[in-house]
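Secondary and tertiary structure notes
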Amino acid sequence: MGAEVEVVARVAPPRAPGKKRTSTTLLHLLQLDNPDGVFVFAAAANKLPPPEPEPEAESLIDKIASCCRVFTFADDDAAERDAKLERLEEVLAAVRSSGKNQPPGLDHLVMVALVKMFAANLFRTMPPPATCPSVLAEAADEEAPSASLLPSWPHLQAVYDVLLAVIAAADAKALRNHIDRPFLTALLALFASEDPRERDRLKTAYHQLYAKLTPERAFMRRSMAAALLASVHECGGGVAELLEICGSIINGFAVPLKEEHRGFLLRVLLPLHRARWLHAYHRQLVYCVLQFVHKEPGLAGTVVGGILRRWPVTNCQKEVLLIDELEEIVDALDQRQFDALAAPICSRIARCATSCSSQVAERALYVWNNERFLEMASAGGAMERILPPFVASVEDNLERHWSKCVQQVTASVKALLLQVAPDLYDRCAADLAASRAEADARAAARDARWHRLEAAAEANADADLSSS
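Only a predicted model underlies this, so the values are computations on that prediction, with no experimental measurement involved.

Some words on the overall build of the protein chain
Counting its secondary structure elements, the protein chain contains 21 helices and two strands. Across the 468 residues that make up the protein chain, the buried fraction comes to 40%. Here the contacts in the protein chain between residues at least 6 apart in sequence split such that 75% fall between residues at least 24 apart.

Okay, here's the thing in structure tokens:
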């Protein structure tokens, strides 16, 4: 091993003097150096060893290697923990200064050591969450418990700072050579951390990696989609941060949308409305959905249908959130699209207006305070389809709803509707009264038939007793 062998290459003798040379190849240049035509090359029996790092790089590698020790912050020596934190700060300063060099970048061996240090400090098995979002969904009126903060955050914060500095300092080629798919998968699993500070840093790092690792973007999108789908049925954190990354990615989609992107909306974003802990990430989810509606308005019908199919039955908090989302979708529609979707949207909101939950009922009635909704509802023939279910809800609330606040809001909505479409409201009220009268007549006839049947049954029973 390591012994050198000689390779002898014999070539044709040089051309005779006076002949014109027509080539300037490497062989010609070698012939000029050695007219005998025999060249000896020294080749190693195995691969050449990697180049030795520069002294400064070697010192930095030693510092990085010493940072691979992980402290539990329980029985550790405080002096050793502080020493590691100082070394991490020195590594951070060195990485940042390398980004200012010309040309900028990091040595190959330094990158290898950094990736090992990231894996040793960051990648770990996540414990089951102490506070499942479903518990918060069931007890929404109670004060939410405080977030679980990691005692090792000072070290983790420094490691994340180094990771962000490496992403900024290294070029795309260096990142592709050292950050592979297993690294990205392990990084994605860290979104299950209960510490919001870690999830926030992780969100920034993962997003910046997505921006630089162009060949891995499809893989990263598929990984995020799988993580989001798992959160529909399993209790887990990090959904809000992942949706923030997805929102930025969706914002950059070209129009017309690819089938892959539409599939992400249908198979990932819409099913997320089914989760019981929707409140934990609803704001970010609405942003992603609205991005699709703005880019391709024809998807509004699909989005509305998906939301209505997943409407909750007993979760009042989710109902309020979904009414908010429907109202934001309506704000993004034009008159033609609103006319096509007005009937299913307003039918659902009208049913919510008579909810036993005062929060749901008031939120549904407050939709009429939206100027955009009122403007589109009053234009064209949309009011003919919108008003009948709302009139029934308004009259029912005024007669029998238990909440005085809901009755006051209902009275205000009735005054507004009488001002906007008085004739139509009176006609709808008359039709409602007629239908209620018919229903009362049918109920009275049904009760009369039951009374006759009961009387006949009693007469038959008396006859049987007398005959016996």
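Now that the structure has been shown, we can carry on.
Points about the packing of aromatic side chains
Inspection of every chain in the model, using the stated rule, returns seven aromatic pairs. Arranged with centres 5.1 Å apart and planes meeting at 80°, the rings of Trp368 and Phe373 form a pair that is edge-to-face. Of the two residues examined, Trp368 and Phe373, each falls in the buried class. What links up through ring pairs into an aromatic cluster is the set Phe338, Trp368, Phe373 and Phe390. Between Arg81 and the ring centre of Phe73, over which it is positioned, the NZ or CZ distance is 4.8 Å.

A short note on the nonpolar core
Ranked by internal contacts, the top residues of the largest apolar core, which has 128 residues, are Leu114, Phe118, Leu269 and Tyr281. For this core, the leading source of residues is helix α6 (residues 153-169), giving twelve residues. Residue assignment places this core across two domains, with domain 1 (57-68 + 77-125 + 151-208) and domain 2 (304-460) each supplying three or more. Leave out the neighbours within four places in its chain, and Tyr281 touches Val239, Ala240, Leu243, Leu272 and Ala275.

Regarding unusual backbone geometry
Between Val255 and the following residue, Pro256, the backbone shows a cis peptide bond with an omega angle of 0°. Of note, Pro256 is situated in the loop between α11 (239-251) and α12 (259-269).

Some words on helix α19 (residues 382-400)
Taking 1.5 Å as the rise per residue, α19 with 19 residues should run 27 Å; its terminal C-alpha atoms sit 28 Å apart, in good agreement. Considering bend angle alone, the principal kink of α19 is centred on Pro388 and spans about 30°. Buried within α19 are the following residues: Ala382, Met383, Ile386, Leu387, Phe390, Val391, Ser393, Val394, Glu395, Asp396 and Asn397.

Let's talk about the packing of helix α16 (residues 335-353) against helix α18 (residues 371-378)
Relative orientation of the contacting elements α16 and α18 amounts to 100°, with a least axis distance of 10 Å. Between α16 and α18, the crossing angle belongs to the class labelled roughly perpendicular. Between α16 and α18, the residues in contact are Gln335, Phe338 and Cys346 and Phe373, Met376 and Ala377, respectively. In terms of residue class, the contact of α16 with α18 is made up of five nonpolar, one polar and no charged.

So, the pattern of salt bridges
Counted under the stated rule, the structure contains 19 salt bridges. Where Glu198 meets Arg124, a salt bridge forms, and the shortest distance between an N and an O atom there is 2.6 Å. Taken as a pair, Glu198 in helix α9 (residues 196-212) and Arg124 in the loop between α4 (108-122) and α5 (133-138) lie far apart in primary sequence, 74 residues in all. Given a relative accessible area of 0%, Glu198 falls into the buried group. Note that Glu260 is salt-bridged to Arg221, the shortest N-O span being 3.2 Å.

Calculation rules
- Counting of residues starts from 1 at the beginning of each chain's written sequence and follows it residue by residue.
- Only residues with pLDDT of 70 or above have their local features reported here, since the model is predicted, and side-chain atom pairs are shown and tallied only from 80 upward, although totals for entire chains, interfaces and linings are computed over all residues.
- Computation of side-chain values: all heavy atoms of the structure, hydrogens and water removed.
- For the purposes of this entry, the term helix denotes a DSSP run of H or I that reaches at least four residues, the term strand denotes a run of E that reaches at least two, and both are numbered from the N terminus.
- Note on classification: 1.4 Å probe, protein chains only; a residue is buried when its accessible area is under 20% of the maximum for its type, exposed when over 50%, partly exposed between these limits.
- A contact between two residues is defined here by any heavy atoms of the two lying within 4.5 Å.
- Each aromatic pair joins two rings of Phe, Tyr and Trp (for Trp, the six-membered one) with centres within 6.5 Å, and gets the label stacked for planes under 30 degrees apart, edge-to-face for over 60, and tilted for any other angle.
- Throughout this description, the term charge over a ring refers to an Arg CZ or Lys NZ atom that lies within 6 Å of the ring centre and within 35 degrees of the ring normal.
- We define the nonpolar core as a collection of buried residues of types Ala, Val, Leu, Ile, Met, Phe, Trp, Tyr and Cys that are connected through side-chain atoms lying within 4.5 Å of one another.
- Each domain span listed reflects an automatic or database assignment of domains.
- Any helix carries an expected span of 1.5 Å times its number of residues minus one.
- Note on bend: the value at a residue is the angle between axes fitted to the seven residues ending there and to the seven starting there.
- Lines fitted to the C-alpha atoms define the axes, with helices restricted to the stretch that makes contact. Angles between their N-to-C directions range from 0 to 180 degrees.
- Any angle that is under 35 degrees is reported as roughly parallel, and any over 145 degrees as roughly antiparallel; angles of 65 to 115 degrees are reported as roughly perpendicular and all others as oblique.
- Residue polarity is assigned by list, with Asp, Glu, Lys and Arg as charged and Ala, Val, Leu, Ile, Met, Phe, Trp, Tyr, Cys and Pro as nonpolar; anything else, Gly included, falls into the polar class.
- For salt bridges, the criterion is a side-chain nitrogen of Lys or Arg within 4 Å of an Asp or Glu carboxyl oxygen.

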